[in-house]
Amino acid sequence: MSSLLRLDYLTTGLPHAAAAEIWKGVVGPLFEPRAFHPGQQSPTGSASGAVIGDIMVARVVFGAQSYRRDRDLIARTPDHILFHLYNVGGFNGLISGHQTTIWSAQVAIIDLAQEVDTLAASSDTVALIVPRALLPEVTGAPLPP
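Residues numbered from 1 in each chain as written. Predicted model: local features only at pLDDT ≥ 70, side-chain atom pairs only at ≥ 80, totals over all residues. Heavy atoms only, no water.

Side note on the overall build of the protein
The helix and strand inventory of the protein stands at 2 helices and 11 strands. Reading the protein from its N terminus to its C terminus gives the helix and strand order β-α-β-β-β-β-α-β-β-β-β-β-β. Over its C-alpha trace the protein gives a radius of gyration of 15 Å, about what one expects of a compact globule, namely 15 Å for 145 residues. Within the span of the protein, comprising 145 residues, buried residues form 39% of the whole. Put simply, of all contacts in the protein between residues at least 6 apart along the chain, 71% involve residues at least 24 apart. In the structure as shown, the protein presents an accessible area of about 7900 Å², 61% of it carried by carbon and sulfur atoms. In the protein, the 9 positive side-chain charges and the 12 negative ones have mean positions that sit 3 Å from each other. (Helix = DSSP H or I, 4+ residues; strand = E, 2+ residues; numbered from the N terminus. Rg over C-alpha atoms; globule rule 2.2 N^0.38 Å. Buried < 20%, exposed > 50% of the residue type's maximum accessible area, 1.4 Å probe, protein only. Contact = heavy atoms within 4.5 Å. Areas by Shrake-Rupley, 256 points an atom, 1.4 Å probe, with all protein chains shown as cover. Lys, Arg positive; Asp, Glu negative; His and termini not counted. Charge placed at Lys NZ, Arg CZ, Asp CG, Glu CD.)

Below you can see the structure in the form of C-alpha coordinates.
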(Lines give C-alpha, C1' and ligand atoms only; values in the text may rest on other atoms or scores of the structure.)
Protein backbone atom coordinates (compact mmCIF):
# COMPACT_ATOMS: atom_id res chain seq x y z
CA MET A 1 0.00 0.00 0.00
CA SER A 2 1.41 3.39 -0.95
CA SER A 3 0.96 6.52 1.09
CA LEU A 4 -0.87 9.59 -0.18
CA LEU A 5 0.88 12.75 -1.23
CA ARG A 6 0.18 15.27 1.56
CA LEU A 7 -0.40 18.97 1.03
CA ASP A 8 0.27 21.21 4.01
CA TYR A 9 0.40 24.95 3.43
CA LEU A 10 0.03 26.39 6.90
CA THR A 11 0.60 30.12 7.23
CA THR A 12 -0.39 30.70 10.86
CA GLY A 13 2.32 32.58 12.73
CA LEU A 14 4.22 33.64 9.62
CA PRO A 15 4.89 37.31 8.85
CA HIS A 16 1.97 38.65 6.82
CA ALA A 17 3.93 39.14 3.60
CA ALA A 18 5.22 35.54 3.68
CA ALA A 19 1.76 34.16 4.52
CA ALA A 20 0.17 36.14 1.66
CA GLU A 21 2.80 34.92 -0.83
CA ILE A 22 2.28 31.26 0.19
CA TRP A 23 -1.50 31.67 -0.02
CA LYS A 24 -1.26 33.20 -3.48
CA GLY A 25 0.82 30.19 -4.57
CA VAL A 26 -1.69 27.73 -3.09
CA VAL A 27 -4.87 29.16 -4.66
CA GLY A 28 -3.25 30.80 -7.68
CA PRO A 29 -3.82 27.82 -10.00
CA LEU A 30 -7.57 28.12 -9.31
CA PHE A 31 -8.31 31.72 -8.37
CA GLU A 32 -6.75 35.12 -8.07
CA PRO A 33 -7.15 36.03 -4.39
CA ARG A 34 -7.72 39.74 -3.77
CA ALA A 35 -8.36 41.97 -0.80
CA PHE A 36 -11.99 41.95 0.34
CA HIS A 37 -12.09 45.75 0.57
CA PRO A 38 -9.78 48.68 -0.23
CA GLY A 39 -7.13 49.14 2.41
CA GLN A 40 -7.14 45.49 3.47
CA GLN A 41 -3.80 43.69 3.50
CA SER A 42 -3.19 40.93 0.98
CA PRO A 43 -5.39 37.92 1.78
CA THR A 44 -4.07 34.82 3.52
CA GLY A 45 -5.19 31.31 4.35
CA SER A 46 -4.02 27.76 4.92
CA ALA A 47 -4.71 24.41 3.25
CA SER A 48 -4.00 20.89 4.44
CA GLY A 49 -4.99 17.77 2.55
CA ALA A 50 -4.00 14.98 0.21
CA VAL A 51 -3.75 14.08 -3.45
CA ILE A 52 -5.47 10.83 -4.42
CA GLY A 53 -4.52 10.14 -8.03
CA ASP A 54 -5.90 13.11 -9.96
CA ILE A 55 -8.21 14.17 -7.12
CA MET A 56 -7.37 16.56 -4.29
CA VAL A 57 -9.16 16.91 -0.97
CA ALA A 58 -8.19 19.53 1.60
CA ARG A 59 -9.35 21.51 4.58
CA VAL A 60 -9.03 25.16 3.58
CA VAL A 61 -9.23 28.01 6.08
CA PHE A 62 -8.98 31.62 4.96
CA GLY A 63 -9.69 35.21 5.93
CA ALA A 64 -12.17 37.45 4.15
CA GLN A 65 -11.15 38.00 0.53
CA SER A 66 -12.30 38.23 -3.06
CA TYR A 67 -11.77 35.35 -5.49
CA ARG A 68 -11.59 35.86 -9.26
CA ARG A 69 -11.21 33.41 -12.10
CA ASP A 70 -11.12 35.03 -15.52
CA ARG A 71 -10.78 33.70 -19.08
CA ASP A 72 -6.96 34.00 -19.01
CA LEU A 73 -6.67 31.89 -15.84
CA ILE A 74 -9.18 29.35 -17.20
CA ALA A 75 -7.10 28.98 -20.37
CA ARG A 76 -3.91 28.31 -18.34
CA THR A 77 -5.31 25.69 -15.95
CA PRO A 78 -6.80 22.19 -16.19
CA ASP A 79 -10.56 21.61 -16.42
CA HIS A 80 -11.82 20.60 -12.97
CA ILE A 81 -14.93 20.76 -10.80
CA LEU A 82 -14.58 22.11 -7.26
CA PHE A 83 -16.98 20.82 -4.60
CA HIS A 84 -16.58 23.20 -1.66
CA LEU A 85 -18.29 22.43 1.67
CA TYR A 86 -18.51 25.48 3.91
CA ASN A 87 -18.33 24.45 7.58
CA VAL A 88 -18.06 28.09 8.64
CA GLY A 89 -18.38 31.23 6.53
CA GLY A 90 -19.43 31.48 2.92
CA PHE A 91 -19.47 33.74 -0.10
CA ASN A 92 -21.62 35.85 -2.38
CA GLY A 93 -20.92 36.52 -6.05
CA LEU A 94 -20.96 35.25 -9.60
CA ILE A 95 -20.37 31.57 -10.32
CA SER A 96 -20.84 30.40 -13.93
CA GLY A 97 -22.72 33.64 -14.64
CA HIS A 98 -25.21 33.07 -11.79
CA GLN A 99 -25.53 35.26 -8.71
CA THR A 100 -24.82 32.79 -5.90
CA THR A 101 -24.82 32.86 -2.10
CA ILE A 102 -23.38 29.93 -0.15
CA TRP A 103 -23.14 29.81 3.66
CA SER A 104 -22.35 27.32 6.41
CA ALA A 105 -23.53 23.72 5.89
CA GLN A 106 -23.84 24.24 2.12
CA VAL A 107 -21.76 22.91 -0.75
CA ALA A 108 -20.77 25.14 -3.66
CA ILE A 109 -20.27 23.37 -6.98
CA ILE A 110 -17.85 25.48 -8.95
CA ASP A 111 -17.22 24.66 -12.59
CA LEU A 112 -13.63 25.80 -13.09
CA ALA A 113 -14.20 26.08 -16.85
CA GLN A 114 -16.33 29.15 -16.03
CA GLU A 115 -15.57 32.59 -14.64
CA VAL A 116 -15.82 33.29 -10.91
CA ASP A 117 -16.05 36.61 -9.07
CA THR A 118 -16.95 36.32 -5.38
CA LEU A 119 -16.56 38.01 -2.02
CA ALA A 120 -15.89 35.43 0.67
CA ALA A 121 -16.22 35.83 4.42
CA SER A 122 -13.60 34.28 6.70
CA SER A 123 -14.26 30.58 6.19
CA ASP A 124 -13.38 27.03 7.23
CA THR A 125 -14.08 24.64 4.37
CA VAL A 126 -13.45 21.23 2.87
CA ALA A 127 -12.56 21.27 -0.83
CA LEU A 128 -12.77 18.35 -3.24
CA ILE A 129 -11.27 19.02 -6.68
CA VAL A 130 -12.05 16.47 -9.39
CA PRO A 131 -10.94 16.56 -13.04
CA ARG A 132 -13.95 16.85 -15.35
CA ALA A 133 -12.64 13.79 -17.24
CA LEU A 134 -13.39 11.66 -14.15
CA LEU A 135 -17.03 12.79 -14.21
CA PRO A 136 -18.32 11.40 -17.54
CA GLU A 137 -21.92 12.45 -16.79
CA VAL A 138 -20.83 16.10 -16.70
CA THR A 139 -21.19 17.54 -20.20
CA GLY A 140 -19.44 20.57 -21.59
CA ALA A 141 -22.38 22.80 -20.56
CA PRO A 142 -21.63 25.02 -17.54
CA LEU A 143 -22.67 23.44 -14.24
CA PRO A 144 -25.06 25.52 -12.15
CA PRO A 145 -23.51 26.60 -8.86
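Here the narrative resumes.
Re the sheet that holds strand 7 (residues 90–95)
Across the sheet, 5 strands lie side by side as 2-5-10-7-8; this open sheet has antiparallel pairing. Two strands in the sheet have a free side with no partner beyond their single neighbour: strand 2 (32–35) and strand 8 (98–103). The sheet shows a mean angle of 20° between the axes of neighbouring strands, direction not considered. Both strand 2 and strand 5 (residues 65–69) contribute to a ladder of 4 bridges, which runs antiparallel. Residue Arg34 lies in a different strand from strand 5, and its bridge partner there is Ser66. (Pairing = 2+ DSSP bridges. Axes fitted to C-alpha atoms, helices over the stretch in contact; angles between N-to-C directions.)

Considering the pairing of strand 4 (residues 55–62)
Sheet topology places strand 3 (residues 45–52) next to strand 4; 8 bridges connect them, and they run antiparallel. By the bridge assignment, Ser46 is partnered in strand 4 with Val61. As consecutive antiparallel partners, strand 3 and strand 4 are separated by 2 residues, and within that stretch Gly53 has a phi angle of approximately 65°, a positive value. Across 7 bridges, the pairing between strand 4 and strand 11 (residues 123–131) is antiparallel.

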